[in-house]
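# Examination of the molecular architecture
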Amino acid sequence: MDISSASTVVLQTLTQAASQDTAVLKPAEEQLKQWETQPGFYSALLNIFTNHALDINVRWLAVLYFKNGIDRYWRRIAPHALSEEEKSSLRAGLIANFNEPVNQIATQIGVLIAKVARLDCPRHWPELIPTLLESVKVQDDLRQHRALLTFYHVTKTLSSKKLVADKKLFQDLASGIYSFACSLWNHHTDTFLQQVYTGDASAIHSLERTLLSLKVLRKLTVHGFVEPHKNLEVMEFLNTVFERLKQFLECRRQVNQENMCNEKLEKTIILFTKVLLDFLDYHPFSFISLIQRSLEFAVSYVFTGAGEGVVFERFIVQCMNLIKMIVKNESYKPAKNTEESKPETLEAHKIKIHFFNYSTLTEICRRLVSHYFLLTPEELSMWEDDPEGFAVEEAAGDSYKYSLRPCTEVLFLDIFHEYSQTLTPVLLEMVQNLHGPTNVDNTVGLVVKDAVYNAIGLAAYELFDSVDFDQWFNSQLLAELQVTHIRYKLIRRRVIWLIGQWISVKFKSELRPMLYEAILNLMQDQDRVYLENIFSLLFHLLQEVTECDTKMHVLHVISCVIERVGMQIRPYVGCLVQYLPLLWKQSEDHNMLRCAILTTLIHLVQGLGADSKNLYPFLLPVIQLSTDVSQPPHVYLLEDGLELWLVTLENSPSITPELLGIFQNMSALLELGSENVRTCFQIINAYIFLTSSEFLQNFAAGLCQSFCELMQDITTEGQVQVLKVVENVLKVNPILGPQMFQPLLPSVLKGILDGEKYPVVMSTYLGIAGRVLLQNMGFFSSLLNQIALELNQEMEQLLGNIIEMWVDRMDNITQPERRKLSALALLSLLPSENSVIQDKFCGIINICVEALHDVLSEDPDTGTYKDCMVMSHFEEQKVSDDEEPPTEQDRRKKLLALKDPVHSVSLQQFVYEKLKAQQELLGEQGFQSLMESVDTEVIRQLQGFLQKL
């Protein structure tokens, strides 16, 4: 591209690409995509986005196309990589002027330069850092800000590189510019503080520079030094952070009064705390000298009056995280044998013990519970106006790092766990002071009781030996659940949650009937059978609530109930079955709710068993959508969708065209090769057991191709899963199965011949070979002949090698079924005059005797042996209350076993018949000569088994 003419053409096309008219936009996007690999395209883009006279939207697009091109074409080894000449010109142009007037575009340019720096700095772009350092010194406010913005993005990007050489380069950079960065930050900080106290309107601009320079220092401090505590400047900066924090917090008090730059000021305060938190995280031993000061600072502002009027929620959260990280830090915990601990660890531990004395711990505990655990007037008001919204909001506070209430609870738990001996009496005293019902007119008392009960629930495991919960339940909590006044709902809610926390810790089973009654009364005052009542009330609650999160929680409880009671749920699910399709349709834009519906359906299908076939009109389209990787929702629904597909097949009484049709999704799922591949194999097996002939006729060819591709790039465990599917096919359909999966079978026999080193794989190879040899010997012969031609060897020689390897690796087979199968398969070669088979006769007999030991049990009354693997008829399994009832698939497997030689043929009888046939074929003398090749002890054991037929 000629740059001058190209810029005009590219500008015109970018203008069209910024259009709202798709008829104009689409062709323009296609044209730009074609130009991505053209020389000069990025130079044209640079000319466009640095021309401030052009339309902002067009310039914005130019920056984005340039930025995306870096990832694709900047590396020298990339296809269609930019030439070194053009890259050199572009680098020079990018840092020629830091004068972009539009903030958003300036940020994108900063990110863009950082992307190039990640690849080229310092080797191919040594002038970048010096240029940035010079530019942040200029007096022009705009240029200084843009240079500082770019400096931050470059520092951030270079600090994130993980290779040892890259880390060393960044450390060299940090040591070279750290003094400058500190002085720059101090200058902008002092300027801001002076301006804000004099009411100078330009303070906001100085604050932005302070923020950016502090961001640079954060990256340099945390990632720029191997042993930062040995660098005086680093430690001086970190100690200065505490003083600056105090100045900025006091400054915030004044800013609040004057209502200026408050949001940016809070961001800067939070950034100070991030510096400390990151430094502690990356350099715990270097942080030791800062432990005392950090704890004093954080506790002072969060747990004393020093913070009143200046602290804000996010700052409190950060301070609590700082305390928590010091309390929990493994580097500060001595080993049980103190002599094995590092001196630094002992020093840190000593500082913690000195700081967390009885009075400090008591004050922290009391203030956490009596101040931070209290529901606020806003929360109480929200509960009154929108109880469901309140419950969702409360449950959503699951990130302790950023939300005050969960952060408070996590800190309480961590401190209580660390110092439980000191704090247990404090908490028990707080409970004792709240004995008996609280006056419903005493709002403060109700809120305080809620907070204390919350603490007792959170610390349930720590208080196991200190609280007689059964006695407390009987003497107080049960009575509080029965207080029906509207204002007491706060305590009823907390008590039922508290019991939920303790029920798995310490709660007598004989108290549970009273608890169930209390729960029913909380939901609705009716006197009916527990299961029917609970399920009915839960279903009505599911219909009434509107928030997705609430519906998810209710569905979770419903799923737990269905899972717990199993088939007993069948009489009560009619309404739920009718409602779920409507809920599924309503939740089209709420994938997490759909996941909850899938989980409910999984337990519902398991509970309904074969009756789940009545759900197919709704169930099968749900499975189809959830497991279709071409549909966007599969990202959320796939795992649960596969599980639902599997249980549906396992409980299906028979195949339907629709259920069979869903298997169209499987090919793409196997290509995906995700962590769900094991479930995919279980689904394939379920189809094989459900409808082998119809399934194999429709899908065997495609499945075999998928398996061949998988076997080339899959783990050993994955190979075994594939082979087990093939083994099941052979078991279910021994005649057609080998033909349908013929492409896979040569590798099985070759694996045996090569002496496969992994025992589990070898065992599976021998299982497959045994199936083919025993039940389809003609196919086995043709397969052996094919391999003999490929390897240019005699077929009989290969057979001998296989038998020899089989005998040698018999110990790899641990499953009794496969061991018996091996014996049956090798015996099926008899009677034979083949010299190779006769040569291996000793090994065959050895395997038979081993297998006889595995499968025969002696009847003490008659003295005869019985093959314990032989099944004469189908017996319905009897299950106890705590066992899962058999699925339809379990029944199918048992019926299949009745036809399987492993379970239908007596090995003892089979051995006798084959040896007798061999004797008749060779004559007495020939047979005796053959038997002489077998060890006398093995013969003795064999005779013992055969005499007791």
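Everything in this summary refers to the structure shown in the same document. (Residues numbered from 1 in each chain as written. Predicted model: local features only at pLDDT ≥ 70, side-chain atom pairs only at ≥ 80, totals over all residues. Heavy atoms only, no water.)

Now for a negative patch on the surface. Taken together, the side chains of Asp385, Asp386, Glu547 and Asp549 present a region of like negative charge at the surface. Mapped onto the elements of the fold, aspartate 386 is located in the loop between helix H17 (377-385) and helix H18 (387-396). (Patch = residues over 30% accessible without salt bridge, like charges linked within 9 Å, V, L, I, M, F, W, Y side chains within 5 Å. Areas by Shrake-Rupley, 256 points an atom, 1.4 Å probe, with all protein chains shown as cover. Salt bridge = Lys/Arg side-chain N within 4 Å of Asp/Glu carboxyl O. Lys, Arg positive; Asp, Glu negative; His and termini not counted. Charge placed at Lys NZ, Arg CZ, Asp CG, Glu CD. Helix = DSSP H or I, 4+ residues; strand = E, 2+ residues; numbered from the N terminus.)

Right, let's talk about a positive patch on the surface for a bit. A surface patch of positive charge is lined by Arg75, Arg118, Lys162 and Lys167. Relative to the helices and strands, arginine 118 resides in helix H6 (residues 103-120).

A few words now on the side chain of glutamine 195. Tracing the backbone through its elements, the reader meets glutamine 195 in helix H9 (residues 164-198). At 3.3 Å, the side chain of glutamine 195 and the side chain of serine 202 are in polar contact. (Polar contact = N/O pair within 3.5 Å; in protein donor to acceptor, adjacent residues only side chain to side chain.)

Before going further, it helps to spend a moment on the pattern of salt bridges. Scanning the model with the defined rule gives 33 salt bridges in all. Of the charged contacts, one joins aspartate 71 and lysine 115 as a salt bridge, the two residues approaching to 3.1 Å between their closest N and O atoms. Residue aspartate 71 is located in helix H4 (residues 56-73), and its partner lysine 115 is located in helix H6; the two are separated by 44 residues in the primary sequence. Residue classification places lysine 115 among the partly exposed positions, given a relative accessible area of 25%. Residue arginine 818 is joined to glutamate 727 by a salt bridge in which the shortest nitrogen-to-oxygen separation is 2.7 Å. Taken together, the residues arginine 818 in helix H41 (residues 816-827) and glutamate 727 in helix H35 (residues 716-732) connect sequence positions 91 residues apart. For arginine 818, a relative accessible area of 9% translates into the label buried. Of the residues examined, glutamate 727 reaches a relative accessible area of 9% and is grouped as buried. (Buried < 20%, exposed > 50% of the residue type's maximum accessible area, 1.4 Å probe, protein only.)

Locating threonine 887 in the fold gives a position in the loop between strand S2 (865-867) and helix H44 (888-897). Setting aside residues no more than four positions away along its own chain, threonine 887 makes contact with Glu650 and Asn651. (Contact = heavy atoms within 4.5 Å.)

The subject of this paragraph is the packing of H17 against helix H23 (residues 489-502). Where H17 contacts H23, the two axes come as close as 12 Å, and the packing angle between them is 95 degrees. Between H17 and H23, the interaxial angle falls into the category roughly perpendicular. Listed contacts from H23 to Leu380, Trp383 and Glu384 of H17 are Lys489, Leu490 and Arg493. A per-class count over the contact of H17 with H23 returns three nonpolar, no polar and three charged. (Axes fitted to C-alpha atoms, helices over the stretch in contact; angles between N-to-C directions. Parallel < 35°, antiparallel > 145°, perpendicular 65-115°, else oblique. Nonpolar A, V, L, I, M, F, W, Y, C, P; charged D, E, K, R; others polar.)

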